[in-house]
Amino acid sequence: LAREPGWPDAARLTRLAAELGAAPRTERGIPVRFVAPAPGARSSYELRVFETGCVATRPGNWHDLFNAFAWLAYPRAKARLNALHAAEIPRESGRRGPVRDMLTIFDEGGAVVACADLDLAAMIRGFRWRELFWKQRARVLAGLRFVVFGHAVLEQALAPWPGITCKALIVPVERALIDGPPAGLVAALDAHAADWLAKHAAGGSPKALAPLPVFGYPGWLPGSAQAAFYEDTRYFRALRAEAPAA
């Protein structure tokens, strides 16, 4: 897309899905199409997607562009999120509850951590950021991959800073999957995220997801080459008593 003139409009993004062979569908089996927002639409965004497959995409809008990319990269998890939203909306009384809070937070700010080294997963759950990212950085580079799912985080990454935080699922995987083609890893994590969401949506809340300062990953920001980078407790916070251990 960067080689093409102008901003990719909704129709171009729909064609891109076909060109890539992504062909995302809703859980009702309806092909996903990116369309211009409909003026005066009365039903909710998620219900329109679920009922018609039409994803409203504003022109020249980074947030919506990254949302379209997420549909292409993670079709199973995006369809599952949408279906869970659509199922939950009729149960609400005009105010979003904790289940949809969790779904929205993952959709906007989620990441999936592929972990071939379970000791590193324990460091994430324990908020042991300096130990993880600095003392064990060689193990992190070898045994961890952060796959950012949330389109709001991708938008924030246009102007990166160390305070960008995701809410993450940690997925144990074999080292061969991490060392293999990226497309295979992404597809496996997409399937896992979809399954996890199906199992945890009932009674779910944002506390089911682990906070993750993704820009601590070695090399994502120039400052991460120094130990002092990980001593800034504004971004690399200690575990609080109420923090989740998901």
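These lines cover the structure that appears in this document, whether it is placed above or below. (Residues numbered from 1 in each chain as written. Predicted model: local features only at pLDDT ≥ 70, side-chain atom pairs only at ≥ 80, totals over all residues. Heavy atoms only, no water.)

1. Some points on a nonpolar patch on the surface
- A cluster of nonpolar side chains, Trp 7, Trp 62 and Leu 158, forms an exposed patch at the surface whose accessible area comes to about 300 Å².
- Looking at the secondary structure, you find Trp 62 in helix 3 (residues 62–73). (Patch = residues over 30% accessible without salt bridge, like charges linked within 9 Å, V, L, I, M, F, W, Y side chains within 5 Å. Areas by Shrake-Rupley, 256 points an atom, 1.4 Å probe, with all protein chains shown as cover. Salt bridge = Lys/Arg side-chain N within 4 Å of Asp/Glu carboxyl O. Helix = DSSP H or I, 4+ residues; strand = E, 2+ residues; numbered from the N terminus.)

2. Brief notes about the nonpolar core
- Among the nonpolar cores identified, the biggest contains 28 residues, and Val 113, Ile 124, Trp 129, Leu 132, Leu 144, Phe 146 and Leu 212 are the most heavily contacted of them.
- Elements with a minimum of two residues in this core: strand 3 (110–115), helix 6 (118–125), helix 7 (129–135), strand 4 (144–148) and strand 5 (166–172).
- The element best represented in this core is helix 6, accounting for four residues.
- Not counting residues up to four positions away in its chain, the partners in contact with Val 113 are Ile 124, Leu 144, Arg 145, Phe 146, Ala 168, Leu 169, Ile 170, Val 171 and Leu 212.
- Core analysis: the next-biggest nonpolar cluster, separate from the first, contains 24 residues, Phe 106, Val 112, Val 173 and Ala 193 among them. (Core = buried A, V, L, I, M, F, W, Y, C linked by side-chain atoms within 4.5 Å. Buried < 20%, exposed > 50% of the residue type's maximum accessible area, 1.4 Å probe, protein only. Contact = heavy atoms within 4.5 Å.)

3. Topic: the pattern of salt bridges
- For the coordinates displayed, the defined rule picks out eleven salt bridges.
- Linking Arg 12 and Glu 4 is a salt bridge whose minimum nitrogen-to-oxygen distance equals 2.8 Å.
- Taking the relative accessible area as the measure of exposure, Arg 12 reaches 10% and is therefore buried.
- Among the residues examined, Glu 4 registers a relative accessible area of 34% and is labelled partly exposed.
- Across the salt bridge formed by Glu 131 and Arg 128, the nearest N and O atoms sit 2.9 Å from each other.

4. Quick word on helix 4 (residues 75–88)
- A rise of 1.5 Å per residue sets the reference length of helix 4, with its 14 residues, at 20 Å; its end C-alpha atoms lie 20 Å apart and thus fit the reference within 8%.
- The buried count for helix 4 comes to eleven of 14 residues, which makes it a mostly enclosed element.
- Inspection of helix 4 places Ala 77, Lys 78, Ala 79, Arg 80, Leu 81, Asn 82, Ala 83, Leu 84, His 85, Ala 86 and Glu 88 among the buried residues, and these make up the whole buried set.
- The secondary structure elements touched by the buried residues of helix 4 are helix 2 (45–52), helix 3, helix 5 (98–109), helix 9 (151–156) and helix 11 (182–200). (Expected span 1.5 Å × (residues − 1).)

5. A word on the packing of aromatic side chains
- Under the definition given, this model contains 19 aromatic pairs.
- Residues Phe 127 and Trp 129 carry aromatic rings whose centres are separated by 5.4 Å and whose planes lie at 40° to one another, so their mutual orientation is tilted. Each of the two residues, Phe 127 as well as Trp 129, counts as buried.
- Judged by centre distance (5.3 Å) and plane angle (55°), the ring pair of Tyr 230 and Phe 236 falls under tilted. Accessibility assignment for this pair places Tyr 230 and Phe 236 in one class, buried.
- Three or more aromatic residues link up through ring pairs in this structure, and these residues are Phe 127, Trp 129, Phe 133, Trp 134, Phe 146, Phe 215, Tyr 217, Trp 220, Phe 229, Tyr 230 and Phe 236. (Phe/Tyr/Trp six-rings, centres within 6.5 Å; stacked < 30°, edge-to-face > 60°.)

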